[in-house]
Amino acid sequence: MTFAIMKKKCLFLFLLIVLLSLNPNHLFAKNKIKFEKVDIGSNSSIGAGFIQDRDGFFWIGSQPGLNKWNGSDNIIYMSSASGLTDNTVTAIIEDKIGRIWVGTMDGLNAYDKATNQFTQFKYAPNNLNSLSHESIGMINHFQSMTEDQNGYLWIATQNGLNRFNPENKQFIHFMHDPENSNSISSNIINAIFEDSSGTLWIGTKDGLNKLNKNSGSFIRYKYNAENLNSLSHNEVYSIGEDDKGNLWIGTEMGLNKLNRNSDSFIRFYSDTGPHRIIEDNKVTSINKDKKGRLWLCHYTKGSVTLLYPKTNTSQYFIHDSDAPDNLPTNDVKYVYEDRQGTIWFVSTTGGNIYKYDPNGQKFVTYKHDSKNTKSINGNSVLPIYEDKNGIVWIGTDKNKLNKFDKKTGKFTYIPIEGYYPYAFFEDNQGVFWIGETTGRLSIFDRTTQTYIKSYEGFSSSFITHIAQDSMDSSILWLTTHKDGLVKFNVKTEKTTHYRHQDKNKHSLSNNSVWGFWQEGDTLWLGTWGGGLNKFSKKDETFIVYKHDPKDPGSVSSNVCGNILVTSKGRWFVSTLGGGLSEVIR
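Thresholds applied
- Within each chain, residue numbers correspond to sequence positions counted from 1 in written order.
- For this predicted model, a pLDDT threshold of at least 70 governs which residues receive local features, and a threshold of 80 or more governs which side-chain atom pairs are given and counted, while totals over whole chains, interfaces and linings are taken from all residues.
- Each side-chain value is worked out from all heavy atoms of the structure, with water and hydrogens disregarded.
- Per residue, pLDDT measures the predictor's confidence, with a range of 0 to 100.
- Any pair of residues with heavy atoms lying within 4.5 Å of one another is described as a contacting pair.
- Two strands form a pair only when DSSP identifies at least two bridges running between them.
- Here a helix means four or more residues in a row that DSSP labels H or I, a strand means two or more in a row labelled E, and each is numbered from the N terminus.
- For helices, the fitted axis covers only the stretch in contact; all axes are lines through C-alpha atoms, and the angles between them, taken along N-to-C directions, range from 0 to 180 degrees.
- Counted as a polar contact is a pair of N or O atoms within 3.5 Å, where, for protein atoms, one must be capable of donating a hydrogen and the other of accepting one, and residues adjacent in sequence contribute only when both atoms are in side chains.
- The salt bridge definition used is simple: a Lys or Arg side-chain nitrogen within 4 Å of an Asp or Glu carboxyl oxygen.
- Burial classes: relative accessible area under 20% of the type maximum marks a residue as buried, over 50% as exposed, and values in between as partly exposed (1.4 Å probe, protein chains only).
- Aromatic contacts are taken between Phe, Tyr and Trp rings whose centres are within 6.5 Å, Trp giving its six-membered ring; a plane angle under 30 degrees counts as stacked, one over 60 as edge-to-face, and the others as tilted.
- As a reminder, the over-ring test applies to NZ of lysine and CZ of arginine, requiring each to be within 6 Å of the ring centre and within 35 degrees of the ring normal.
- Here, nonpolar core refers to any group of buried Ala, Val, Leu, Ile, Met, Phe, Trp, Tyr and Cys residues whose side-chain atoms link them within 4.5 Å.

A. Quick look at the confidence of the model for the protein. Within the protein, residue pLDDT values average 83, and 84% of them lie at 70 or more. Counting interchain partners and residues more than four positions distant, the pLDDT-below-50 stretch residues 5-32 has 62 contacts. Low pLDDT, under 50, characterises residues 361-365; the stretch is placed with 11 contacts to residues that sit more than four places away or in other chains.

B. A look at the sheet that holds strand E36 (residues 441-445). Strand order in the open sheet formed by four strands is E34-E35-E36-E37, with antiparallel pairing between adjacent strands. Each edge of the open sheet is held by one strand with a lone partner, namely strand E34 (421-426) and strand E37 (450-455). Each strand of the sheet is rotated relative to its neighbour by a mean of 30°, with strand direction disregarded. For strand E35 (residues 432-436) and E36, the ladder comprises four bridges, and the chain directions are antiparallel. What sits directly across from phenylalanine 432, in E36, is phenylalanine 444.

C. A look at the side chain of histidine 298. Within the secondary structure, histidine 298 is located in strand E24 (residues 294-298). Within the local environment of histidine 298, its side chain forms a polar contact with the backbone oxygen of lysine 282, the two atoms lying 2.9 Å apart. A polar contact is formed between the side chain of histidine 298 and the side chain of threonine 305, at a distance of 2.7 Å.

D. Region of the structure containing the pairing of strand E44 (residues 532-536). In this sheet, E44 lies alongside strand E43 (residues 522-527) in antiparallel orientation, the contact comprising five bridges. Bridge pairing links leucine 525 to asparagine 533 in E44. Between E43 and E44, which pair antiparallel and follow one another directly, the connecting turn spans four residues, one of which, glycine 529, has a positive phi of 120°. Relative to strand E45 (residues 541-545), E44 runs antiparallel, the two sharing five bridges. Bridging from a neighbouring strand, leucine 532 pairs with tyrosine 545 of E45.

E. Focus on the pattern of salt bridges. Within the structure shown, the criterion is met by 26 salt bridges. Its salt-bridge partner being glutamate 147, residue lysine 96 comes within 3.7 Å of it at the nearest N-O pair. One end of the pair, lysine 96, is in the loop between strand E7 (89-94) and strand E8 (100-104); the other, glutamate 147, is in strand E11 (residues 145-147), with 51 residues separating them in the sequence. Take glutamate 147: its relative accessible area is 17%, and that puts it in the buried class. Across the pair arginine 446 and aspartate 387 runs a salt bridge, and its minimum N-O distance is 3.1 Å. On the criterion of sequence distance, the pair formed by arginine 446 in the loop between E36 and E37 and aspartate 387 in the loop between strand E30 (381-386) and strand E31 (391-396) is long-range, its members being 59 residues apart. Neither residue differs from the other here; arginine 446 and aspartate 387 are each classed as buried. Within this structure, Asp53, Arg54, Asp55, Glu94 and Lys113 form a network of salt bridges that share partners.

F. A look at the sheet that holds strand E19 (residues 236-241). As summarised here, the arrangement of the four strands in space is E19-E20-E21-E22, forming an open sheet in which the pairing is antiparallel. Of all strands in the sheet, those bounded by a partner on one side alone are E19 and strand E22 (264-268). Between one strand axis and the next, the sheet turns through 25° on average, direction left out of account. As paired elements, E19 and strand E20 (residues 247-251) share five bridges and run antiparallel to each other. Residue pairing for E20: serine 238 is matched across the bridge by glycine 250.

G. Representation of the environment of glycine 216 within the structure. Structurally, the position occupied by glycine 216 is in the loop between strand E17 (207-212) and strand E18 (217-221). Spatially, the C-alpha atom of glycine 216 lies 9.5 Å from that of isoleucine 184, the residues being 32 residues apart in sequence. Non-local contacts of glycine 216, meaning those with residues more than four positions away in its chain, are made with Phe174 and Leu211.

H. Structural detail: the packing of aromatic side chains. Summed over the entire model, instances satisfying the criterion amount to 43 aromatic pairs. Through a chain of ring-to-ring contacts, the aromatic side chains of Tyr385, Trp393, Phe424, Phe432, Phe444 and Tyr451 assemble into a single cluster. A cation over a ring is seen here: arginine 163 above tyrosine 152, with NZ or CZ 4.0 Å from the ring centre. Positioned above the aromatic ring of tyrosine 299 is the side chain of lysine 333, whose terminal nitrogen or guanidinium carbon lies 5.9 Å from the ring centre.

I. How the structure looks around the nonpolar core. Counting residues in hydrophobic clusters, the biggest one holds 24 residues, and the most contacted among them are Phe50, Trp59, Leu66, Ile92, Ile100 and Trp344. Among the secondary structure elements, those contributing two or more residues to this core are strand E3 (45-52), strand E4 (58-63), strand E5 (66-69), E7, E8, strand E27 (332-337) and strand E28 (343-347). In this view, leucine 66 contacts Trp59, Ile60, Ile75, Ile76, Tyr77, Leu84, Val89, Ile92, Val102 and Phe118; residues no more than four positions away in its chain are not counted.

Structure, rendered in C-alpha cells:
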C-alpha cells in the first residue's frame, strides 16, 4: 500500500454543511448572473476541449498543450515522444473505461491514467487503417470526437469521418463520393453527435448527415431555397438533443429543430420574427445542462443564448464593458456543465475561463434569534446528521439538541437537560443513537423526543463516531477522542475496548480516533497523531501506517481525520499539515 499526496499545500478537511432551500432558477432573473473568472495557471489560448473526468479532474485543451487541473494545481502535457503528438489540442473526451482521448492538429492520443503515458495515433499516407488526415477537427469546434454506445470512437477530420476501434487500433474512413448519394455529403467534418437512440449525426461543411451504422450509408439534409422546412444553411457547426428527444442543429445561418416524423425543420433566427429565440444566427456549439436547458454559443461574436426547449423561450448573455454583471468576455466558445452543476464558460484568448455556480450563488445562514422560537437554539454547531426521513439533527452549545425541517426551513429545539450530544447514528432497525461528549451512549426516541435508554462507562472522553457493523447488525463500533475504539454488542450489551499498548506493536497506534471506514472484516481508522490503522476483526490486531519523511509513498501526516471512499473505489484520507492523501492499493 502506498499513499499519493493530492495537494502540496497544507490542507485539512473540515466539515461544512450548508442548508439550502433556494431554487437556483431565480438567479437568472433580469438576465443577470454573476460570473467568476478562474485562473488555471496557464496564459495560453484555450483551444477546443474542456471536460471533467470521472475522478473530478478538469482536462482543458490549449495552445500549447493539454492541461490537467484539480481546481488549484495545473499539470501541462506537451508534445514529446511519449507525450502528445502536437501541442495544439482540438478535442478531448473520456471513454467508458476512463481513458482520456485527445485530438490535436497532428493526430490522436490516448492517455492512460494508471501509467501516466500517452499512446499516439497519426496519419500515415500509405496506411489505409490510419487516420485519414493529420488534423482532428478544428480549434473552434467542440464536437470533433465522441464515443458511441458500442465503444467506437468517431473522429472528425478535414478529410473524412473516421471510426476508430480501440481494440484493434484500426481506423475506418467514411468519405464523400460525388457518384454516391448515400455517401457523406462532405469530407470536411465539423460536428459529431450520438443521440439517445444511438443514431449518429454528422455536421459537415455541406449539410447534416444521419448514419446508418449497419449499412454505412448516410441520409443527407441540406438547405433548399425553395423549401422553408429544409435546413437553414449547409454549414453545420453543432448538434444537440433536448429532454424530449428533439434534435437541434446550429448552422452558419440559424438554429434548426428537426421534426423526426416528417424529416422537416423549424428554423429560428436572430430577428424580430415569431421564431426569434437566439441572440445571433451563427450557432457554433450546443450543450444541454441537467435542467434540460440548452446553452448555445455564437462564436466568433462570443455571445451566449440560454434556450428553454419546453417553451421555446430564451435569455441572452452579451459582453458589455459597461455592465460588469453581464458576460465578461466577447469570445465565449463553449459552455460546459460539470458534475456538480457549475456552468463553465470557455473563451479563446489568454486562457480565460469563467464559471457560474447556480448552487453557490446564495447561502442561507441559520443563527440563533432570541425573538424567534423557530430559529436554531445556539450558534456553536458541533454534530450534524440527516436521518432516513430527511430530518436534520444538530447539536449546539454543548447540551442543546435541534431538529431542522428542510421543507419548512424551521428548527425545533428539544430540551435535553443533562445530555451532551456529539455523534448521531440511525441503525438499520431505525433506532436512533446519540454519542455524547461525556462518553455516554444513548437511544433517543424521535417520536416522543425523549431519551429512553443510556449506557454509561463507554469512555472517559467523548464519542466521535458511531457505525453499525456491515456484516453483523448486532455490533456498533464507536470511536472516541481519547479512549480508542469500542465494540458494543447491542443484544448482549457487552463492550470490548481496543486501546494503545506501548509494548504491543499490533495494538492501536493512538487512542484519539476520528476517521472510520469498514471494508468487510477490516476496519480503517484515522487517528490524531498515530497515522492510519488497519484493524482485522478476525484476529483483533492492528497494522499501522505512519508518515515517513524519507518515503514519499507514505501517508502525508500522522494526524489523520476523515476517510472517504468514492463510488469509483478511490480511497482518500484527510490529514492535518500533510494535505489530502490517496490510498493506492
